[in-house]
Amino acid sequence: MCIRDSIIASRETAKNSAAVDECSVTPKRRARHSLIFIAPQAGRIQGQTMLYPELFKTMEAVRWNMAHDIPWGDFDRSKLSDEQAQTIKMNAITEWAALPATEMFLRDNRGDSDFCAFMSVWFFEEQKHSLVLIEYLRRFCPDLVPTEEELHNVRFEFDAAPELETLMLHFCGEIRLNHWYRRAAEWHTEPVIKAIYK
């Protein structure tokens, strides 16, 4: 089995272990599951068709819209504690790290145009995770909206590392983050943020 096949197989294992029911998965969550599985050049068979064009079509089909897919009108201030609001701010800042992660992937995979093109889709979707949380705060807790300086502080430079090992580490981190978001949706009591985390 080549590395690419291993990663695709790992995708299926991860989806099963997380008990993901594809029939009930929202477009936002489906996009999060799908965006992390693509092997760099070392894992692809020589002469194989590029993955980016098909992945782009797949992502377009499940793209979520912040204006239409979030039930902003369901906000209930009485169900949002100060502690919960603070965690939303910290999460918004943490999700901004998609920017330095993208810079790292582009740097370390310079020789793989297919993978680097895919990063355009991945980065667009990942950055929306921070943006939707910032929008939540802007609407309902404007005093907690992160400053540009706070966001910039997570833009650190990763040390150079082997491409496949870095990708697999990121893969594991995304699975763990998926579980974290599920628990966050259970812990939160305010309807809109629960919907965002689901």
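Keep in mind it's a predicted model, so treat the numbers as computed, not measured.

**Focus on the layout of surface pockets**
So, step 1. Looking at the largest pocket, its volume works out to about 600 Å³.
So, step 2. Residue lining of the largest pocket: 26 residues in total, with Ala97, Ala101, Phe158, His170 and Glu174 positioned closest to the centre.
So, step 3. Of the residues that constitute the lining of the largest pocket, the class distribution is 14 nonpolar, six polar and six charged.

**Focus: the packing of aromatic side chains**
So, step 1. Applying the stated criterion across every chain yields a total of twelve aromatic pairs.
So, step 2. Consider the rings of Tyr52 and Phe56, whose centres lie 6.0 Å apart with planes at 55°: the pair is tilted. Note that Tyr52 and Phe56 are positioned in helix H3 (residues 52–61) at a spacing of four residues, about one turn of the helix.
So, step 3. Judged by centre distance (6.0 Å) and plane angle (75°), the rings of Phe75 and Tyr136 are edge-to-face. One end of the pair, Phe75, is in the loop between H3 and helix H4 (82–95); the other, Tyr136, is in helix H6 (residues 113–140), and 61 residues separate them in sequence.
So, step 4. One aromatic cluster is present, built from ring pairs that chain together Trp72, Phe75, Tyr136 and Phe140.
So, step 5. Directly above the ring of Trp64 sits Lys128, whose terminal nitrogen or CZ lies 4.4 Å from the centroid.

**Some remarks on the nonpolar core**
So, step 1. One finds Trp72, Ile88, Leu133, Tyr136, Val192, Ile196 and Tyr197 to be the most contacted residues of the largest nonpolar core, which totals 26 residues.
So, step 2. Mapped onto this core, the elements with two or more residues apiece are H4, H6, helix H8 (163–187) and helix H9 (191–197).
So, step 3. Tallying contributions element by element places H6 first for this core, with six residues.
So, step 4. If you look at the next biggest cluster of nonpolar residues, it comprises ten residues, including Leu51, Leu55, Phe105 and Phe118.

**What to know about H8**
So, step 1. Compared with an ideal rise of 1.5 Å per residue, which puts 25 residues at 36 Å, H8 spans 36 Å between its outermost C-alpha atoms and is within 8% of the ideal.
So, step 2. Among the residues of H8, those classed as buried are Leu164, Thr166, Leu167, His170, Phe171, Glu174, Asn178, Tyr181, Arg182, Ala184 and Ala185.

**Describing the pattern of salt bridges**
So, step 1. One pass over the structure, following the stated rule, counts ten salt bridges.
So, step 2. The salt bridge involving Glu157 is made with Arg107; its shortest N-O contact spans 3.8 Å. Taken together, the residues Glu157 in the loop between helix H7 (148–152) and H8 and Arg107 in helix H5 (residues 98–108) connect sequence positions 50 residues apart.
So, step 3. Note on Arg107: relative accessible area 27%, which makes it partly exposed.
So, step 4. Linking Glu186 and Arg183 is a salt bridge whose minimum nitrogen-to-oxygen distance equals 3.1 Å. Taken as a pair, Glu186 and Arg183 lie in helix H8 at a separation of three residues, close to a single helical turn.
So, step 5. One salt-bridge network, held together by shared partners, links Glu60, Arg63, Glu125 and Lys128.

**What about the packing of H5 against H8?**
So, step 1. Remark: H5 packs on H8, axes separated minimally by 10 Å, with the N-to-C direction vectors making an angle of 155°. Judged by the angle between their axes, H5 and H8 are roughly antiparallel. In this structure, H5 meets H8 at a crossing whose hand is left-handed. Between H5 and H8, the contacting residues are Met104, Phe105 and Asp108 on the first element and Glu163, Thr166, Leu167 and His170 on the second.
So, step 2. In terms of residue class, the contact of H5 with H8 is built from three nonpolar, two polar and two charged.

What counts, and where the lines are drawn
Residues numbered from 1 in each chain as written. Predicted model: local features only at pLDDT ≥ 70, side-chain atom pairs only at ≥ 80, totals over all residues. Heavy atoms only, no water. 1 Å grid on protein atoms, 1.4 Å probe; cavity = no way out; pocket = protein on both sides within 12 Å on 5 of 7 lines; lining within 4 Å. Points joined across faces, edges and corners; volume = space filled by probe spheres on them. Nonpolar A, V, L, I, M, F, W, Y, C, P; charged D, E, K, R; others polar. Phe/Tyr/Trp six-rings, centres within 6.5 Å; stacked < 30°, edge-to-face > 60°. Helix = DSSP H or I, 4+ residues; strand = E, 2+ residues; numbered from the N terminus. Lys NZ or Arg CZ within 6 Å of the ring centre and 35° of its normal. Core = buried A, V, L, I, M, F, W, Y, C linked by side-chain atoms within 4.5 Å. Buried < 20%, exposed > 50% of the residue type's maximum accessible area, 1.4 Å probe, protein only. Expected span 1.5 Å × (residues − 1). Salt bridge = Lys/Arg side-chain N within 4 Å of Asp/Glu carboxyl O. Axes fitted to C-alpha atoms, helices over the stretch in contact; angles between N-to-C directions. Parallel < 35°, antiparallel > 145°, perpendicular 65-115°, else oblique. Left-handed = near helix turned anticlockwise from the far one by under 90°. Contact = heavy atoms within 4.5 Å.

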